[in-house]
Amino acid sequence: MVIDKKFKGLVKEDYRYVFNGNIETTESLEIDLDMGLFVTGYIKAGGSIKAGGSIKAGGSIKAGGSIEAGEFIEAGGSIKAGEFIEAGGSIEAGEFIKAGWSIKAGEFIKAGGYYGIVAGLSITCKDTLSFGLKVFAG
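Values in this document were obtained by computation on a predicted structure and should not be read as measured data.

Chemist: Mind showing me how you'd approach the overall build of the protein chain here?
Modeler: Broken down by element type, the protein chain carries zero helices and 22 strands. A compact globule built from 138 residues would reach a C-alpha radius of gyration of about 14 Å, and the protein chain, at 14 Å, matches this within 12%. In terms of overall dimensions, the protein chain has a C-alpha envelope of 40 × 30 × 25 Å along the principal axes. Every one of the 138 residues in the protein chain was classed for burial, and the buried ones make up 42%. In the protein chain, of all internal contacts separated by at least 6 residues, the share reaching a separation of at least 24 is 6%. When the accessible area of the protein chain is evaluated, it comes to approximately 6,900 Å², of which 50% is carbon and sulfur surface.

Chemist: Quick question: what am I supposed to make of the pairing of strand E17 (residues 102-105) here?
Modeler: In regular strands, side chains alternate between the two faces of the sheet. Of the strand pairs in this sheet, strand E14 (residues 85-87) and E17 are connected by three bridges, and their pairing is parallel. Looking at E17, one finds that Ile 85 is bridged to Ile 103. Taken together, the four bridges between E17 and strand E20 (residues 122-125) define a ladder with parallel strand orientation. The partner of Ser 102 across the bridge, within E20, is Ser 122.

Chemist: Just to check I follow, could you spell out the pairing of strand E6 (residues 36-39) for this structure?
Modeler: Because side chains alternate across E6, one face comprises the buried residues Gly 36 and Phe 38, and the other comprises Leu 37 and Val 39, equally buried. Pairing analysis gives four bridges linking strand E3 (residues 16-19) to E6, with the strands arranged parallel. Bridge pairing in E6 links Tyr 17 to Leu 37. Bridge analysis of E6 against strand E9 (residues 55-57) gives three bridges, and the strand direction is parallel. For Phe 38, the partnering residue across the bridge sits in E9 and is Lys 56.

Chemist: What should I look at first to understand the sheet that holds strand E21 (residues 129-130) in this one?
Modeler: Across a sheet, paired strands are connected by hydrogen bonds in the backbone, their directions being either parallel or antiparallel. The strand order E2-E3-E6-E9-E12-E15-E18-E21 describes an open sheet built from eight strands, whose pairing is mixed. Sheet topology places strand E2 (10-12) and E21 at the edges, where each strand pairs with a single neighbour.

Chemist: Please clarify how the sheet that holds E20 should be interpreted in this entry.
Modeler: The seven strands are arranged E1-E5-E8-E11-E14-E17-E20 in an open sheet whose pairing can be described as parallel. Only two strands of the sheet have a single partner each, and these edge strands are strand E1 (2-3) and E20.

Calculation rules
- Residues numbered from 1 in each chain as written.
- Predicted model: local features only at pLDDT ≥ 70, side-chain atom pairs only at ≥ 80, totals over all residues.
- Heavy atoms only, no water.
- Helix = DSSP H or I, 4+ residues; strand = E, 2+ residues; numbered from the N terminus.
- Rg over C-alpha atoms; globule rule 2.2 N^0.38 Å.
- Buried < 20%, exposed > 50% of the residue type's maximum accessible area, 1.4 Å probe, protein only.
- Contact = heavy atoms within 4.5 Å.
- Areas by Shrake-Rupley, 256 points an atom, 1.4 Å probe, with all protein chains shown as cover.
- Pairing = 2+ DSSP bridges.

Written out as C-alpha cells, the structure reads:
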C-alpha cells in the first residue's frame, strides 16, 4: 500500500499531512509524501513501514517487518516491529518500543511512563536513551 498526496482522506496542514482514523494493511506500507504524516489513530502493516519523512500516530505503530523513517517516529502508544526500527531523528513512544532485531536513532530514543525498550540484537542512539522499567538488547 502506498500513501501519497492522492490518498483518500489525507489532509495537508502547514507542515504535515493528517489522516483522521486508522491505517491498516496486510501488505507493506510506503509513505511517499514531501512532508511528515500524522495519523490520529494507529498504523498497522503486515509487512514493513517506510517513510522518507516522519511518521507520527496518536495510537500505536506496528509492523510485521521493519519501521524506517528519514526523520522521526513517534507514537502515543507503542512502537513494535518484527525486524528493525530506524529513524534519522528520534524515536518516541508513550508506551513501549520493541523490535525483533535492532533499534537505531540519529537522535534520542524514549519510551514513556513505566514502559521499556526491547531489541533482539542492539539499541543505538546518538543522544539520550530514556525508558521506564527496563531496557534489554540481546
